[in-house]
Amino acid sequence: MLAVAFLAAVTLGGCGVPPELLQPAQSPSPTAAGASPTPGPSTAPTVTPPPFAPPTTAAPDLVATDCRNGPSGDRVVSLLRGSGGVLPRSAGVRVRRGPLCAGDWQYTVLRVTGHEELQVVTRGRPGALKLVTAGTDVCTIEVRVSGPVGIRALACDGGTAGVPGA
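Residues numbered from 1 in each chain as written. Predicted model: local features only at pLDDT ≥ 70, side-chain atom pairs only at ≥ 80, totals over all residues. Heavy atoms only, no water.

S.K.: Tell me about the nonpolar core, residues and numbers included.
M.R.: Core analysis: the biggest nonpolar cluster contains 13 residues, and Trp105, Tyr107, Val121, Val143, Ile151 and Ala155 have the highest contact counts within it. At the level of elements, strand E2 (93-102), strand E3 (105-112) and helix H5 (149-156) are the ones that each hand at least two residues to this core. Not counting the four nearest positions on each side in its chain, tryptophan 105 is found in contact with Leu100, Val121, Thr122, Arg123, Val132, Glu142, Val143, Ser146, Gly147, Pro148 and Ile151. Among the nonpolar cores identified, the runner-up in size contains 11 residues, and Val76, Ala91, Val112 and Leu129 belong to it. (Core = buried A, V, L, I, M, F, W, Y, C linked by side-chain atoms within 4.5 Å. Buried < 20%, exposed > 50% of the residue type's maximum accessible area, 1.4 Å probe, protein only. Helix = DSSP H or I, 4+ residues; strand = E, 2+ residues; numbered from the N terminus. Contact = heavy atoms within 4.5 Å.)

S.K.: Any details on the pairing of strand E5 (residues 130-135)? Residues and values, ideally.
M.R.: Sheet analysis places strand E4 (residues 118-123) next to E5, joined by 5 bridges and oriented antiparallel. Counterpart to threonine 122 in the pairing with E5 is leucine 131. Linkage of E4 to E5, two consecutive antiparallel strands, is achieved through a turn of 6 residues, within which glycine 124 is found at a positive phi near 105°. (Pairing = 2+ DSSP bridges.)

S.K.: Explain the environment of leucine 131 to me, and be specific about the residues and the numbers.
M.R.: Checked against the element boundaries, leucine 131 lands in strand E5. Taking the C-alpha atoms as reference points, leucine 131 and leucine 79, separated by 52 residues in sequence, lie 7.5 Å from one another.

S.K.: How would you sum up the pattern of salt bridges? Please name residues and give values.
M.R.: One pass over the structure, following the stated rule, counts 3 salt bridges. Across the pair arginine 96 and glutamate 117 runs a salt bridge whose closest N-O atoms are separated by 2.5 Å. Of this pair, arginine 96 sits in strand E2 while glutamate 117 sits in the loop between E3 and E4, placing them 21 residues apart in sequence. Judged by its relative accessible area of 33%, glutamate 117 is partly exposed. When the shortest N-O distance is used, the salt bridge between arginine 111 and glutamate 117 registers 3.8 Å. The network of salt bridges with shared partners includes Arg96, Arg111 and Glu117. (Salt bridge = Lys/Arg side-chain N within 4 Å of Asp/Glu carboxyl O.)

Everything listed here is a matter of coordinates, which is why it stays silent on function.
Rendered as structure tokens:
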């Protein structure tokens, strides 16, 4: 028993606060030794932040809004039924929300008869629309990394953060 206690004492004897965590004692500098104990003026520079002016208009990719010149809901459905290969021609589909545009990206929510709602993220001009992703969870790596803020807010953050008035 004594041997175990001795071994524990030897092993733990080197433990303690690591040297890099110890606060070195500050010794007064030679010029400060004769100085008065009252503090002098601060030598730290004062940094004044520039005045904040909120933007008067939002950048086109910060929020998703109704597409003025973007694709129609029918165009998104056509893409999914055609080259996208996501929807069969016989599926009953209605646009529930969108398309909402941010930059050259779009977000649309579709009601598909007999199925869950289908979220769709597309990009490009209406005549050259490209399917980014479609499904019940469209927060893919491509959307998170490349998508504009307004689309990421809809696809990844619950759907209303990037929509004004939602």
